[in-house]
Every structure is written in C-alpha cells, then in structure tokens.
Amino acid sequence: MDALLELAGPDMAAVDALIRAHMDSPVPVIPALADHLIAGSAKRLRPLLTVGAARLAGAQDDACLKLAAAVEFIHTATLLHDDVVDSSELRRGRVAAHLIWGAPSSVLVGDFLFARAFELMVGAGSMPALEVLARASRVISEGEVLQLTRSHDLDLTQEVYIEIIGAKTAELFAAAAEAGAISAGASPERCRALRKFGQDLGLAFQLVDDALDYSGDAGTLGKNAGDDFREGKVTLPLLYAMARTGAAERDFWVRTVDRREQTDADFERVRGLMAETRALDDTLALAARYAETAKAALADFPSNSWRPALEDLADFSVRRKA
C-alpha cells in the first residue's frame, strides 16, 4: 500500500483534519469514545479508497474529501454497533469501547457518527453521492441483521454467506469508490467500474478477515482470534470445514456452533480440522480471485500512477496478516 499512501498523503491529511473537527461535541464522552476507536485506524482504508477512486477518475479539486470523511464515520459507527452486538473484547488492538464506556454510550456515539456522516455528505453538495452512501448505510444494516438471524446456522449456504459479506462489508467499499468517482464527475461507465472494483475488493478483504480469525493471533489481528467461532458465526472457512468433515464431525459442529457449548480445546481442534480440509487455503484462493476481478475492473482507466497503486491495494487485501 506504500504507493497509494504516498500519493494520497496530502488528501488523507485533509480528511483526518475533517474527521477530527467533526468528532467535536460539547458532550465530553462523544469525542473521547470516538477518538478511542478512530485513533486506532492507521490506514483508513475506506476513505483512502474514496480518494484514490476520485483521483484515478481525474479529480483535480477537493470535492472527494468530505465524502471520504463521511465514509470513515459510517464505518466507525458500524464497528461501535457491531462490538456491542458481538460482545467483542478487542477492536484495533484496544479494549472495545463498550467495555470502557458501556453499551448504551457506544451505541449512541455510533448514532452520533452516522449523523455526522450525513452532515458531511450534505456539505459535499452531491445528491448522487449522498444517494450512494445513504443506500450503503441501509444495505450494511440489512447485512448485519441477516448475519444475526443466520448465526449458528449449520445449513447456511455459500451463496447466502456471500450475500451477507457483500452487504455488511463489500457494500461500503463499493460505495466509497463509487462516491469518489461521482465527486470527480466521472462517466456512468467509470462510476460502475470503480464500484465493481470496490465491491470485489471488499469481498476479498472480508474473506481474508474470516480466514485470519482462524489463522491469526491477537497480537497481529488487533482483536482476539477465534471470535467468529466463539460467537457461532458461520463464515466460509467454517462452511468448508463442516462440509468436508461430513457426518464424522456432525456432533462436534452441533455442539460448538449450533449450541455454542465450547471448551478451551475446541478452537484448536477446529484449526486442525481446517488444516486437514484445506478450508483456509480455499477461502484465501477465492479471495485472490475476487482481488483479480477487482483489478480487471480498472482495465479501461489511464495507466497513471493511481491505477497501479489501487491494483496494489487489491493485492494487499489478500496478502495482509491483520
């Protein structure tokens, strides 16, 4: 990501300034809680995508900056809500906000950040971009509810799983890139191409996240490994492992995933089963295919410095360890 971070450096400094300014509130707990989470985001991947898409599409002004800041607020708000729903203990290497300030404050500050995001979108003065990001906010919520209603579901299909991550994760990547293109005055075809880039990048990113939950550790992930398993979330690595172990391990899956009756040794057993069934390898292989289709979506753009930098971002989404 070095090339993209260098290219976008001045823009991202301006986005950070907007984020800081719009975190302010006369209610002290709001900036304190928001800063606890936002300060832990080193790369600001989604607003970086908005900036990169805008510049690739030919933007010469700063119209994308407020949209990029809005994207970061939408993302942060969803994280605050997710951590309460999932009872997460860590986020970005820090104690989850709800464990410090309480669940009610976390939820309400998440609502505050959503409101700030919409203020920024209105301030950007682009009704089409506002429509794209407003729709994304709705789709993300639908994806989270769908995932919640299908938790512990041993009969979840790969198609429904892709639908879930497409909504709860990839939609914001797609909207971030599309909004950037819109702010640059790009043609409908190029807006669609950058939306496709963001969508497939987001799918690759989430697939890798789901694999890392079984292969990583808290020191590199910034959250506890195995959280998905302990919460009974059926992700693609688990789907592969369950399908490939068949009847021999059915009782184990019913106990640990459906009923969530787990011992300390169960997570290590799951890791072993995933190694035996190549569940993680095949999840990462699918992520790599999405990264390739993301890069292919940029084929008709000029081969300036922004295009290879965004292509590198797709590769990074698959190679990363956190």
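To keep things clear, this report deals only with the structure shown in the data block. Here the structure is a predicted model, which is why all the values come from computation and not from measurement.

A word on a nonpolar patch on the surface. On the surface, Val-95, Leu-99 and Ile-100 cluster together into a nonpolar patch covering about 260 Å² of accessible area. Within the secondary structure, Val-95 sits in strand S2 (residues 94-95). Judged by its relative accessible area of 42%, Val-95 falls in the partly exposed class.

With the rule as written, the count across this model stands at zero disulfides. The closest cysteine sulfur to the non-disulfide-bonded Cys-64 is located on Cys-191, 13 Å from its own sulfur.

Turning next to the pattern of salt bridges. Per the stated rule, a full pass over the model turns up 25 salt bridges. Asp-227 is paired through a salt bridge with Arg-230; the nearest N and O atoms lie 3.6 Å apart. A residue pair is termed a helical-turn pair when its members lie 3 or 4 positions apart in one helix, as Asp-227 and Arg-230 do in helix H12 (residues 227-231) at three residues. Looking at Asp-227, the relative accessible area reads 13%, which means it is buried. You can call Arg-230 partly exposed: its relative accessible area is 36%. One network of salt bridges, in which partners are shared, links Arg-135, Glu-171, Glu-178 and Arg-195.

Viewed as axis vectors pointing N to C, helix H7 (residues 103-124) and helix H8 (residues 127-149) meet at an angle of 165 degrees, and their least axial separation amounts to 10 Å. As far as their axial angle goes, H8 and H7 are roughly antiparallel. Crossing hand, H7 versus H8: left-handed. Taken together, the residues of H8 that come into contact with H7 (itself represented by Phe-114, Phe-118, Met-121 and Val-122) are Leu-130, Leu-133, Ala-134 and Ser-137.

Take the nonpolar core next. Formed by 110 residues in total, the largest nonpolar core has its most connected members in Leu-49, Val-51, Leu-194, Phe-197, Leu-238, Trp-253 and Leu-313. Broken down by element, the residue count for this core peaks at 14 residues, all from helix H9 (residues 158-183). In contact with Leu-238, not counting residues within four places along its chain, are Tyr-214, Lys-233, Trp-253, Val-257, Val-270 and Met-274.

Attention now moves to helix H16 (residues 279-296). Since there are 3.6 residues in each turn of an α-helix, residues three or four apart along the chain are aligned in direction. With 18 residues, H16 should cover 26 Å at 1.5 Å per step; its first-to-last C-alpha distance of 26 Å lies within 8% of that length. Within H16 the residues assigned to the buried category are Ala-279, Leu-280, Thr-283, Leu-286, Ala-287, Tyr-290, Ala-291, Ala-294 and Lys-295.

Our focus in this paragraph is the side chain of Arg-307. For Arg-307, the location among the structural elements is in helix H17 (residues 306-319). Separated by 3.5 Å, the side chain of Arg-307 and the backbone oxygen of Leu-298 make a polar contact. At a separation of 2.8 Å, a polar atom in the side chain of Arg-307 contacts the main-chain carbonyl oxygen of Phe-301. Excluding anything up to four places from it in sequence, Arg-307 contacts Leu-56, Leu-298, Ala-299, Phe-301 and Pro-302.

The rules behind the values
- Within every chain, residues take consecutive numbers counted from 1 along the sequence as written.
- Per-residue local features are limited, in this predicted model, to residues with pLDDT of at least 70; the limit for side-chain atom pairs, both in listing and counting, is 80 or more; totals at the level of whole chains, interfaces and linings are taken over all residues.
- Side-chain descriptors were evaluated using all non-hydrogen atoms of the structure, hydrogens and water having been removed beforehand.
- Each patch is built from residues lacking any salt bridge and having more than 30% relative accessible area; the joining distance is 9 Å for like charges and 5 Å for nonpolar side chains (Val, Leu, Ile, Met, Phe, Trp, Tyr).
- Accessible areas in this description were obtained via Shrake-Rupley with a 1.4 Å probe; residue shielding takes into account the shown protein chains only.
- The salt bridge definition used is simple: a Lys or Arg side-chain nitrogen within 4 Å of an Asp or Glu carboxyl oxygen.
- Under the scheme used here, helices are H or I runs from DSSP no shorter than 4 residues and strands are E runs no shorter than 2 residues, and both carry numbers assigned from the N terminus.
- Buried means the residue's accessible area, taken with a 1.4 Å probe over protein chains only, is under 20% of the maximum for its type, while exposed means over 50%, and partly exposed covers the values in between.
- Disulfides are defined in this document as cysteine sulfur pairs within 2.5 Å.
- What counts as an axis is a line fitted to C-alpha atoms, over the stretch in contact for a helix, and the angles between N-to-C directions run from 0 to 180 degrees.
- Any angle that is under 35 degrees is reported as roughly parallel, and any over 145 degrees as roughly antiparallel; angles of 65 to 115 degrees are reported as roughly perpendicular and all others as oblique.
- Helix crossings are classified by the rotation of the near helix relative to the far one: an anticlockwise turn of less than a right angle makes the crossing left-handed, while a clockwise turn makes it right-handed.
- Any two residues whose heavy atoms approach within 4.5 Å at even a single point are treated as in contact.
- Among buried residues, the Ala, Val, Leu, Ile, Met, Phe, Trp, Tyr and Cys ones that are joined through side-chain atoms within 4.5 Å form a nonpolar core.
- What a helix should span is 1.5 Å times the count of its residues minus one.
- Counting of polar contacts relies on pairs of N or O atoms within 3.5 Å, with two restrictions inside protein: one atom must be capable of donating a hydrogen and the other of accepting it, and residues adjacent in sequence are counted only when both atoms are side-chain atoms.

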